[in-house]
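Okay, here's what each chain looks like letter by letter:
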Amino acid sequence: MLIVYYSSATNNTHRFVSKLGLPSVRIPMTRTEQPLRVDEPYVLVVPTYGGGASISGQNSRPVPPQVIRFLNDGHNRSFIRAVVAGGNSNFGTDFGRAGDQIARKCNVPYVYRFELMGNEEDVRVLRQGLMDNAEALGLGPQSVR
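My aim in this report is to walk through the structure given alongside it, one point at a time. Because the structure is a prediction, the values reported are computed rather than measured. (Residues numbered from 1 in each chain as written. Predicted model: local features only at pLDDT ≥ 70, side-chain atom pairs only at ≥ 80, totals over all residues. Heavy atoms only, no water.)

1. Considerations on the overall build of the chain
Part 1: Counting secondary structure elements, the chain contains 6 helices and 5 strands.
Part 2: Here the chain has a C-alpha radius of gyration of 14 Å; the compact-globule value for 145 residues is 15 Å, and the two agree.
Part 3: Its C-alpha atoms put the chain at 45 × 35 × 30 Å along the principal axes.
Part 4: Scored against the burial criterion, the 145 residues of the chain give a buried share of 46%.
Part 5: Working note: accessible area of the chain is about 7500 Å², and carbon and sulfur atoms make up 49% of it. (Helix = DSSP H or I, 4+ residues; strand = E, 2+ residues; numbered from the N terminus. Rg over C-alpha atoms; globule rule 2.2 N^0.38 Å. Buried < 20%, exposed > 50% of the residue type's maximum accessible area, 1.4 Å probe, protein only. Areas by Shrake-Rupley, 256 points an atom, 1.4 Å probe, with all protein chains shown as cover.)

Shown next, in the form of structure tokens:
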């Protein structure tokens, strides 16, 4: 089971993914880094940007541009099986909105949302949920590092 994730310089998402103890790869932060290409089914874990935009009436762009570039590669997009999103509950209805958009556009389930870097219960619930539902999600054999 592979986790593909994007984390900004704050590393909140990176810290959360690291606690899952599952194989993972990070989407590059800059265009100067080699683009990531995946060749197996994965769960995408992303932060949400622009929180609170729906409250203020602004145009929200919750999906990080690096994630958009990664998913615009049809090969990468063909292997996504589920999405998990982080965010800040202070964002109100925009909490985890990146997951809503990606799930809708990629036609995959939005399986979990967590706040900031997640807590131990978030880690336990998501990890167990992924392990228990790996076959149903099309994630193949379960491997743990």
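2. Things to note about the packing of helix α1 (residues 12-20) against helix α6 (residues 120-137)
Part 1: Put simply, α1 and α6 touch, their axes get as near as 9 Å, and they point 55° apart. In terms of axis orientation, α1 runs oblique to α6. Taken as a pair, α1 and α6 cross one another with a handedness that is right-handed. Contact residues: α1 offers Phe16, Lys19 and Leu20, while α6 offers Glu120, Asp122, Val123, Leu126 and Arg127.
Part 2: Classifying every residue of the contact of α1 with α6 gives 4 nonpolar, no polar and 4 charged. (Axes fitted to C-alpha atoms, helices over the stretch in contact; angles between N-to-C directions. Parallel < 35°, antiparallel > 145°, perpendicular 65-115°, else oblique. Left-handed = near helix turned anticlockwise from the far one by under 90°. Contact = heavy atoms within 4.5 Å. Nonpolar A, V, L, I, M, F, W, Y, C, P; charged D, E, K, R; others polar.)

3. Looking at the sheet that holds strand β3 (residues 42-46)
Part 1: Taken together, 5 strands build an open sheet; the order of strands is β2-β1-β3-β4-β5 and the sheet is parallel. Edge strands, defined here as strands with exactly one partner in the open sheet, are β2 (24-26) and β5 (110-115). Each adjacent strand pair in this sheet contributes to an overall mean axis angle of 20°, direction not counted.
Part 2: With 5 bridges connecting them, strand β4 (residues 80-87) and β5 associate as parallel partners. Bridged to Ala85 within β5 is Arg113.
Part 3: On top of the sheet, helix α5 (residues 97-106) reaches β3, β4 and β5; it is set at about 165° to β4, its chief contact. (Pairing = 2+ DSSP bridges.)

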